[in-house]
Structures are given as C-alpha cells and as structure tokens.
Amino acid sequence: MTRIAVKVDGTTYEDEVEPRLLLVHYLRDRLGLTGTPIGCDTSNCGACTVELDGQTVKSCSVLAVQADGGEVTTVQGLAEYGEWHPLQKAFHERHALQCGYCTPGMIMAARDLLRENPSPTSDEVRHALEGNLCRCTGYQNIVRAVVAASGQEAAS
Ligand code: FES
Ligand code: FES
C-alpha cells in the first residue's frame, strides 16, 4: 500500500492505496464521487475525464498514486455556490444529453477547450471532443451547447 494525499474538488484526502489502483476507481469507490463514470475498459470513451494539475486526463488511464500531492477537479467540483457551471447550464438548456453517461467527460473536455480557445467554432469543438464518445445524441446538441457556453449562441 502507498500513502497518498490528493486534493479533489477542493477537499484534501489522505489514503492508503494499492499502487495499481486507477484514479477513477479511487474517485468513485473510495471517495464516493460517482459523478465521474466508467464507460469502457480501453481508455477510449472519455467518460471518465477529469482535470489533474491543470491537465485534462482520462482517469481510467492514470493511477491514483500519480495524483499524489496533486489537485483533481471532477465534474462535481464545477458548480460554485449552488450555481451550475456555464457548460452544465448549456448542456441542460440545449438538450445535449440523453442517457448522460458521456456528459461529465464531455463537460470536462469542453471546459479545457474553452480555457484554451474561448471562442471556438463548431469544427473546433468537434475536434476538441474527438476523444469523447457519445452513443446517444449524434453530437449536434453537444457542439451547440459548447458554442453557446462560450457566449456565441448566434454562431451555433
Ligand atoms: S472509462 Fe476512461 S476512457 Fe472510457
Ligand atoms: S448522452 Fe448517452 S452516451 Fe452521450
């Protein structure tokens, strides 16, 4: 077992973990942060996307011990003072989800995009979300929601 200390969504946790424990399992099974889902076994779907030390990562492809001393933000850490993040609002208002399984990862990846490029075109949104799969929506409303969250509703 290895001792780790990780700040997750603003709270610091200290735990003993197996060196092979994946970050996504640590978040879900140890911390109870089930807002980050597991959608595949192959690091392909992007559903498990979180931010680790400022970088967007697929938390099923990172070990919990790699987050030691670091800071993780999950989709559950985005709302502030009971207010949804603009992307959360836009996904809700633009019907950008059906089953919702991909939504946490989509929102975390889109948040990363908007920090890099605050005014993305639809094509840029599609390109940025290529690592995130959705089996339900056909992506159109997801792209619209991200463009809307960037404040360019007319451009969608
Ligand atoms: S669960 Fe991590 S990429 Fe699919
Ligand atoms: S809304 Fe179901 S997978 Fe995207």
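See the structure above.
What counts and what doesn't
- Per chain, residue numbering runs from 1 following the sequence as it is written.
- Whichever chain is written first is A, and whichever ligand is written first is 1; the rest continue in order.
- In view of the model being predicted, local features appear only for residues whose pLDDT reaches at least 70, and side-chain atom pairs are presented and counted only at 80 or more, with totals across whole chains, interfaces and linings using the full set of residues.
- Hydrogen atoms and water are omitted, and side-chain values are computed over all heavy atoms in the structure.
- By the criteria applied, helices consist of DSSP H or I runs no shorter than four residues and strands consist of E runs no shorter than two, each listed in order from the N terminus.
- Here the globule rule is a power law, 2.2 Å times the number of residues to the power 0.38, and the radius of gyration is based on C-alpha atoms.
- Exposure classes here rest on a 1.4 Å probe applied to the protein chains alone. A residue is buried below 20% of its type maximum, exposed above 50%, and partly exposed in between.
- Throughout, a contact is declared for two residues whenever any of their heavy atoms are within 4.5 Å.
- Each accessible area is a Shrake-Rupley estimate made with a 1.4 Å probe; only the visible protein chains count as cover when residues are assessed.
- The charged-residue count follows a simple rule in which Lys and Arg add positive charge and Asp and Glu add negative charge, with His and chain termini not counted at all.
- To locate a charge, the coordinates of NZ of Lys, CZ of Arg, CG of Asp or CD of Glu are taken.
- Here, strands pair whenever DSSP counts at least two bridges between them.
- With a 1 Å grid laid over protein atoms only, a set of points is called a cavity when a 1.4 Å probe fits there but cannot get out and a pocket when it is open yet has protein on both sides within 12 Å along at least five of seven lines; lining residues have an atom within 4 Å of a point.
- Grid points are joined across faces, edges and corners, and a volume is the space filled by probe spheres set on the points.
- Side-chain classes follow a simple rule in which Ala, Val, Leu, Ile, Met, Phe, Trp, Tyr, Cys and Pro form the nonpolar group, Asp, Glu, Lys and Arg form the charged group, and the remainder, Gly included, forms the polar group.
- A domain assignment, automatic or from a database, supplies the domain bounds used here.
- By nonpolar core is meant a set of buried Ala, Val, Leu, Ile, Met, Phe, Trp, Tyr and Cys residues that side-chain atoms within 4.5 Å join together.
- Orientation is described by axes fitted as lines to C-alpha atoms, over the contacting stretch for helices, and by angles from 0 to 180 degrees between their N-to-C directions.
- We call two directions roughly parallel when the angle between them is under 35 degrees, roughly antiparallel when it is over 145, roughly perpendicular when it lies between 65 and 115, and oblique otherwise.
- Should the near helix be turned anticlockwise from the far one by less than a right angle, the crossing is left-handed, and should it be turned clockwise, the crossing is right-handed.
- Salt bridges, as used here, are contacts in which a Lys or Arg side-chain nitrogen is within 4 Å of a carboxyl oxygen on Asp or Glu.

(A) Geometry of the overall build of the protein chain. Scanning the protein chain from terminus to terminus reveals 5 helices and 5 strands. Counted from the first residue to the last, the protein chain has its helices and strands arranged as β-β-α-β-β-β-α-α-α-α. Relative to the 2.2 N^0.38 estimate, which gives 15 Å for 156 residues, the radius of gyration of the protein chain is 16 Å and therefore close to what a compact globule would have. Each of the three principal axes of the protein chain carries a C-alpha extent, and together these read 50 × 35 × 25 Å. Among the 156 residues that make up the protein chain, the fraction classed as buried is 42%. Sequence separation of at least 24 residues holds for 56% of the intrachain contacts in the protein chain that already meet a minimum separation of 6. When the accessible surface of the protein chain is split by element, carbon and sulfur atoms take 45% of a total near 8,200 Å². For the protein chain, the distance from the average site of its 13 positive side-chain charges to the average site of its 20 negative ones is 5 Å.

(B) Representation of the pairing of strand 4 (residues 55-58) within the structure. Bridge analysis of strand 3 (residues 49-52) against strand 4 gives 4 bridges, and the strand direction is antiparallel. Counterpart to threonine 49 in the pairing with strand 4 is lysine 58.

(C) Representation of the layout of surface pockets within the structure. By volume, the largest pocket is sized at about 190 Å³. Around the largest pocket, the lining comprises 13 residues; the ones closest to its centre are Cys45, Tyr101, Cys102, Leu133 and Arg135. Residues that form the lining of the largest pocket fall into these classes: 8 nonpolar, 4 polar and 1 charged. Formed jointly, the lining of the largest pocket draws a minimum of three residues from each of two domains, domain 1 (2-77) and domain 2 (86-155).

(D) The nonpolar core, seen in detail. Counting residues in hydrophobic clusters, the biggest one holds 22 residues, and the most contacted among them are Leu87, Phe91, Met106, Val125, Leu129, Ile142 and Val146. Within the residue set of this core, elements represented by two or more residues are helix 2 (86-93), helix 3 (103-116) and helix 5 (140-149). The biggest single contributor to this core is helix 3, with 7 residues. Setting aside residues no more than four positions away along its own chain, isoleucine 142 makes contact with Phe91, Ala96, Cys102, Met106, Leu129, Cys134 and Thr137. Among the nonpolar cores identified, the runner-up in size contains 16 residues, and Leu23, Val62, Ala64 and Ala67 belong to it.

(E) Inspection of the packing of helix 2 against helix 3 at higher detail. Put simply, helix 2 and helix 3 touch, their axes get as near as 10 Å, and they point 125 degrees apart. When the interaxial angle is binned, helix 2 and helix 3 end up oblique. The two elements helix 2 and helix 3 meet at a crossing, and its hand is right-handed. Along the contact surface, helix 2 presents Leu87, Gln88 and Phe91, while helix 3 presents Thr103, Met106, Ile107, Ala110, Arg111 and Leu114. Among the residues forming the contact of helix 2 with helix 3, the class breakdown is 6 nonpolar, 2 polar and 1 charged.

(F) Just the pattern of salt bridges, in detail. Enumeration according to the criterion identifies 7 salt bridges in this entry. Close ionic contact of arginine 3 with glutamate 16 constitutes a salt bridge, the shortest N to O distance being 3.2 Å. On the criterion of sequence distance, the pair formed by arginine 3 in strand 1 (residues 2-8) and glutamate 16 in strand 2 (residues 11-17) is long-range, its members being 13 residues apart. Overall, arginine 3 belongs to the partly exposed group, its relative accessible area being 46%. Given the relative accessible area of 35%, glutamate 16 is considered partly exposed. In this structure, the salt-bridge partner of lysine 89 is glutamate 83, at a minimum N-O distance of 3.2 Å. Residue classification places glutamate 83 among the partly exposed positions, given a relative accessible area of 47%.

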